[in-house]
Amino acid sequence: MWITRQAAGGNTPSAAETGTVTLSGETLAVYLQGEKRGLSLFSPGGIVWRPEVGDTVLTLTTDSGGTVCVTGRLCQPPEDLEPGELLLKSRGASLCLRNDGTIEVSGTVVYSDVKEEVSL
């Protein structure tokens, strides 16, 4: 059995895998088939995030089996989030852009440091 799996490439890592974040901060580590440290972190343009220890994240591996990067975190959209709507969420605040044009903001403080008048 083992020889058959080896011949068929049974131990070749997948290009995309999910794993659990074991270190977050300056050094990012994810447990896949073993712990991988010093991973690169990617997200959509304009969004900066840092996964928390214990998060389930999606990782990508180069075809040479080299660089592994974290591309996103497993999410559970709320039931009231309609297709096409956007929710940005941290532990303490959220911003939801609804299809009907409304913007829902939750958290403790909302402010603007814009010095000039802005018309919408």
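Anything mentioned here points back to the structure above.
None of these values were measured; they are calculated from a predicted model.

> Could you give me a rundown of the overall build of the protein chain, with the residues and numbers involved?
Along its length, the protein chain carries 1 helix and 9 strands. Ordered by position from the N terminus, the helices and strands of the protein chain form the series α-β-β-β-β-β-β-β-β-β. Each of the 120 residues in the protein chain was classed as buried or not, and the buried ones make up 18%. Here the contacts in the protein chain between residues at least 6 apart in sequence split such that 34% fall between residues at least 24 apart.

> A description of a nonpolar patch on the surface should follow, citing residues and the corresponding values.
Taken together, the side chains of Ile47, Leu86, Leu88, Leu95, Leu97, Ile103 and Val105 define a hydrophobic patch exposed on the protein surface, amounting to about 560 Å² of accessible area. Elements that contribute at least two residues to the nonpolar patch include exactly β7 (86–89), β8 (94–97) and β9 (103–106). Within the secondary structure, leucine 88 is located in strand β7. With a relative accessible area of 37%, leucine 88 lands in the partly exposed category.

> Explain the sheet that holds strand β6 (residues 68–73) to me, and be specific about the residues and the numbers.
If you walk across this open sheet you meet the 6 strands as β3-β2-β1-β5-β6-β4, and the pairing is mixed. Two strands bound the open sheet, and with one partner strand each, they are β3 (35–37) and β4 (40–41). When strand β1 (residues 16–23) meets strand β5 (residues 56–61), the two strands line up antiparallel, connected through 5 bridges. The residue of β5 that forms the bridge with threonine 18 is leucine 58.

> Just give me the short version of the sheet that holds β7, but keep the residues and values in it.
One open sheet holds the 3 strands; their spatial order is β7-β8-β9, and the pairing between them is antiparallel. Of all the strands in the sheet, the pair left with one neighbour each is β7 and β9. Recorded for the sheet is a direction-independent mean angle of 5° between the axes of neighbouring strands. Relative to β9, β8 runs antiparallel, the two sharing 4 bridges. Of the residues in β9, the one forming a bridge with leucine 95 is valine 105.

Basis of the calculations
Residues numbered from 1 in each chain as written. Predicted model: local features only at pLDDT ≥ 70, side-chain atom pairs only at ≥ 80, totals over all residues. Heavy atoms only, no water. Helix = DSSP H or I, 4+ residues; strand = E, 2+ residues; numbered from the N terminus. Buried < 20%, exposed > 50% of the residue type's maximum accessible area, 1.4 Å probe, protein only. Contact = heavy atoms within 4.5 Å. Patch = residues over 30% accessible without salt bridge, like charges linked within 9 Å, V, L, I, M, F, W, Y side chains within 5 Å. Areas by Shrake-Rupley, 256 points an atom, 1.4 Å probe, with all protein chains shown as cover. Salt bridge = Lys/Arg side-chain N within 4 Å of Asp/Glu carboxyl O. Pairing = 2+ DSSP bridges. Axes fitted to C-alpha atoms, helices over the stretch in contact; angles between N-to-C directions.

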